[in-house]
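# Architecture and fold: a report
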Amino acid sequence: MVPGEKILGVEGGGTKTAWVLVESAGNELRILDQGKLPPSNFRLVSLDRLRTVFSELPKEVDRAGVFLAGCGLEDRPILSRLCAEIWPTAKIITGNDRDSGVAAALGSGEGIVVNAGSGSSVTGRRGDRIEKAGGWGHILGDAGGGYFLVIQALRFILREYDLRRGEVQFAAKILRALSLNNFDELVRWAQTADKMEIAMLAPVVFQAAASGDTRVMEIIESGAQVLSEYTEAVASRLQMLAPKVVLLGGLFHRDSLYTHAFRRRLKKNLPDARVTTAERSPELGAAWLAGELGDQVAFQAKLSQNEIDDLAAAITEQRNPRSENLEKMSPRELVELFVEEEKFVHEALRGTMADLTRATEIGTESLRNGGRMFYVGAGSSGRIGVLDASEIPPTFGASPDLVQGVIAGGAIALYRSAEGAEDEESTGALAMNERGINNRDVVIGITASGRTPFVLGAIGRARSLGAKTILLTCNPARPQNTNVDLAINLPVGPELLTGSTRLKAGTATKVALNIISTGAMVALGKVRGNLMIDLHAASTKLRDRAVRVVAGVARCDYQSARNMLEACEWNLRAVVEEL
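Our subject in this report is the structure included herewith. The structure presented is a predicted model; accordingly, all values stated were derived computationally and were not measured. (Residues numbered from 1 in each chain as written. Predicted model: local features only at pLDDT ≥ 70, side-chain atom pairs only at ≥ 80, totals over all residues. Heavy atoms only, no water.)

## Section: the pairing of strand 12 (residues 373–377)
A large share of strand 12 lies buried, amounting to five of its five residues. Here strand 12 shows two buried faces, one formed by M373, Y375 and G377 and the other by F374 and V376. For strand 12 and strand 13 (residues 403–407), the ladder comprises five bridges, and the chain directions are parallel. Paired with V376 across the bridge in strand 13 is V406. Of the crossover connections in this fold, the one passing from strand 12 over helix 15 (residues 379–396) to the parallel strand 13 is right-handed. Here five bridges tie strand 12 to strand 14 (residues 442–446), and the two strands are oriented parallel to one another. If you follow F374 over to strand 14, its bridge partner there is V443. (Buried < 20%, exposed > 50% of the residue type's maximum accessible area, 1.4 Å probe, protein only. Helix = DSSP H or I, 4+ residues; strand = E, 2+ residues; numbered from the N terminus. Pairing = 2+ DSSP bridges. Right-handed = clockwise from strand over helix to strand, strands pointing away.)

Written out as structure tokens, the structure is:
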């Protein structure tokens, strides 16, 4: 390996694609960049989809190691050809995620690697001999992985329900995590959910076990037992009496419930095993393999102090001097303070009226020309964007495609925290590609701090595709190097609860989006006076509203208005236009 070479390591599975870019420097590999992209399991994702995901990875590399779940020996030439399209001048090595996991955990040494993430596998190496157990995929195997544990837990819930053994507290936790209301909705969700969506519920299973739910703990123990048996079988085939056993994967983070359960089970039949947790991630193992390195090479962490300092300087992260004694306030004092702080929201909105006017004009122009409006955000900002977009079809009778919300982490992030999803610029950029952004669209990036990588990546890609771009922030002190058509800064000041931008920043953002979307709909003729004339009368409440709209416009009684709507099959616009 030549000093200064850039090496890309990629590990893809059923829930994510993790990557790292390193540079060789003597006996060290310096981490230049790293991140995560959507899943890239070779068996579950098409080649076109793999090509799309890989296109978001760094291009200027000298070597690339790409290791994907589901990639068998017969698949490696296909994967290598695909990688050669993306990195035509790089030296490329491909393989299965087992390979990168073993490299991360063992280097070139001997031992057994137990990997438990969304799936699971056990791989042992002694000299040139490799032995494997598990890892047959989520349909036939992967026992002990996140998908397996969640499926067992869901079956347990329904079995208990069918046998009427009383209420299961764990069932309520699952329903709450998915924002579902009953078992019928749970079954419908499970029938269409993919491996990733199911495996993402694993934290809920572990939380229930940790809280003392003995039946759920039995499920955890059964998973640990399977992995322990696989480990013992691999050790036996390799004739290893005191093997080094390295735990890898999201379920085996340090001191986790699963780690303790596995250690306890393994000790019974393999008491001399030396169990440890992997210090390197699989993508680093992929880079290690691509670089054809020795065990003495160390990885140097990416320097990010400047990024930390920049984020700490954001107004949205500052402490509010008026709420420093928040926990000592009476309920009345707290309410008064919250209400008083809303004046900063009003002042911020008033100070940006010219920018909000321009944003409304840009949005209207795009929609009139056959384009669409997109809100892109993460966390609270993303949820606010999705909320406003979701209200457009029922309020104005518009197509759901006309105004769309894009949130980092996808639909799961609407009801469960997925804050880490905001850290990837490449994921935001990929989201714009997948929405088919074009030069008629407008993309509004929402980030209270003005720094969210997912949002900035989306805006940058949207602009490169010709779309109009607007950045909506609550941090006037943000870096001014973001290239957009319009930047709107809402200076609401520090939050009462430091850093909680769902408060004043969230309120100001919601009002701003209300103004932009409502203004655009009014300009498109969706309103008569201050009445909604394109609302979809799909419920008793909305039919009542439609009747009252017609009665007001026609100046007739309630029943006459209802008769007119029924005659037009509840097409409110058709009735209003005839009046």
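The discussion continues.
## Points about the pattern of salt bridges
Enumeration over the complete set of coordinates arrives at 29 salt bridges. Residues D485 and R463 are paired through a salt bridge, measuring 3.2 Å at the closest nitrogen-oxygen approach. A residue pair is termed long-range when its members are at least 10 positions apart, and D485 in the loop between strand 15 (468–473) and strand 16 (486–489) and R463 in helix 17 (residues 453–464) qualify at 22 residues. Of the residues examined, R463 reaches a relative accessible area of 30% and is grouped as partly exposed. Residues D534 and K526 are paired through a salt bridge, measuring 3.7 Å at the closest nitrogen-oxygen approach. (Salt bridge = Lys/Arg side-chain N within 4 Å of Asp/Glu carboxyl O.)

## Structural notes on the sheet that holds strand 13
Strand order in this open sheet of five strands is 13-12-14-15-16, and the pairing throughout is parallel. Pairing within the sheet leaves two strands with one partner each, and these edge strands are strand 13 and strand 16. Across this sheet, the average inter-strand angle for adjacent strands is 20 degrees, counted without regard to direction. (Axes fitted to C-alpha atoms, helices over the stretch in contact; angles between N-to-C directions.)

## Remarks on the side chain of S256
The residue S256 is located in the loop between strand 9 (244–248) and helix 10 (257–269) in this model. Assessed through its relative accessible area of 5%, S256 is described here as buried. At a separation of 3.1 Å, a polar atom in the side chain of S256 contacts the main-chain carbonyl oxygen of L251. Engagement of the side chain of S256 in a polar contact is seen with the side chain of T259, the distance being 2.8 Å. (Polar contact = N/O pair within 3.5 Å; in protein donor to acceptor, adjacent residues only side chain to side chain.)

## Re the sheet that holds strand 8 (residues 129–133)
Across the sheet, which stays open at both edges, the five strands sit in the order 8-7-6-9-10 with mixed pairing between neighbours. The open sheet is flanked by strand 8 and strand 10 (274–277), the only strands paired with a single partner. Neighbour-to-neighbour, the strand axes of this sheet turn through a mean angle of 20 degrees, independent of strand direction. As defined by bridge partners, strand 6 (residues 111–116) adjoins strand 9 across four bridges and the pair is classed as parallel. Each residue of the ladder has a partner; that of I112, found in strand 9, is V245.

## Some words on the packing of helix 9 (residues 214–237) against helix 10
At a minimum axis separation of 8 Å, helix 9 and helix 10 run at an interaxial angle of 50 degrees. Of the possible angle classes, the one that applies to helix 9 and helix 10 is oblique. Crossing geometry of helix 9 relative to helix 10 is assigned as right-handed. Only L257, Y258, A261, F262, R264, R265, L266 and N269 of helix 10 make contact with helix 9, whose side of the interface consists of M217, I220, E221, G223, A224, Q225, L227, S228, T231 and E232. Residue composition of the contact of helix 9 with helix 10, grouped by class: nine nonpolar, five polar and four charged. (Parallel < 35°, antiparallel > 145°, perpendicular 65-115°, else oblique. Left-handed = near helix turned anticlockwise from the far one by under 90°. Contact = heavy atoms within 4.5 Å. Nonpolar A, V, L, I, M, F, W, Y, C, P; charged D, E, K, R; others polar.)

## A closer look at the state of the cysteines
If you walk through the whole model with that rule in mind, you get zero disulfides. The cysteine C71 is free of any disulfide, with C83 supplying the nearest cysteine sulfur at 8.9 Å. Classification of C71 by relative accessible area gives buried; the value is 2%. (Disulfide = S-S within 2.5 Å.)

## Here's the deal with a nonpolar patch on the surface
Taken together, L334, V335, F338 and V339 make up a surface patch of nonpolar side chains, about 310 Å² in accessible area. One can find L334 in helix 13 (residues 331–351). The exposure class of L334 is partly exposed, given its relative accessible area of 31%. (Patch = residues over 30% accessible without salt bridge, like charges linked within 9 Å, V, L, I, M, F, W, Y side chains within 5 Å. Areas by Shrake-Rupley, 256 points an atom, 1.4 Å probe, with all protein chains shown as cover.)

## Points about helix 6 (residues 183–192)
Listing the buried residues of helix 6 in full gives F183, L186 and W189. Projected onto a plane normal to the axis of helix 6, the buried residues spread over an arc of 115 degrees and lie on a single side. For helix 6, exposure combined with an orientation more than 90 degrees from the buried face picks out D184, R188, Q191 and T192. Lining the buried residues of helix 6 we find helix 4 (146–163), helix 5 (169–178) and helix 7 (195–199). Of the residues that open helix 6, the one with a side-chain oxygen 3.2 Å from the backbone nitrogen of D184 is N182. (Arc of directions from axis to C-beta.)

## Overview of the packing of helix 3 (residues 97–106) against helix 11 (residues 282–290)
The geometry of a pair of packed helices is captured by two quantities: the angle between their axes and the separation between those axes. Interaxial distance between helix 3 and helix 11 falls to 7 Å at its minimum, and their mutual angle equals 90 degrees. Taken together, the axes of helix 3 and helix 11 are roughly perpendicular relative to one another. Here D99, S100, A103 and A104 of helix 3 come into contact with helix 11, specifically with P282, G285, A286, W288 and L289. Residues belonging to the contact of helix 3 with helix 11 are distributed by class as follows: six nonpolar, two polar and one charged.

## Details of helix 11
Along helix 11, eight of the nine residues are buried, which leaves the element largely enclosed by surrounding structure. Looking one or two residues past helix 11, E292 carries a phi angle of roughly 50 degrees, positive in sign.

## Examining the nonpolar core
The biggest cluster of nonpolar side chains holds 57 residues, and the ones touching the most others in it are F170 and Y258. Apart from the residues lying within four places of it in its own chain, the contact partners of F170 are A153, F156, I157, V204, V205, A208, D213 and V216. Counting residues in each nonpolar core, the second largest holds 34 residues, with F396, V403, I446 and L513 among its members. (Core = buried A, V, L, I, M, F, W, Y, C linked by side-chain atoms within 4.5 Å.)

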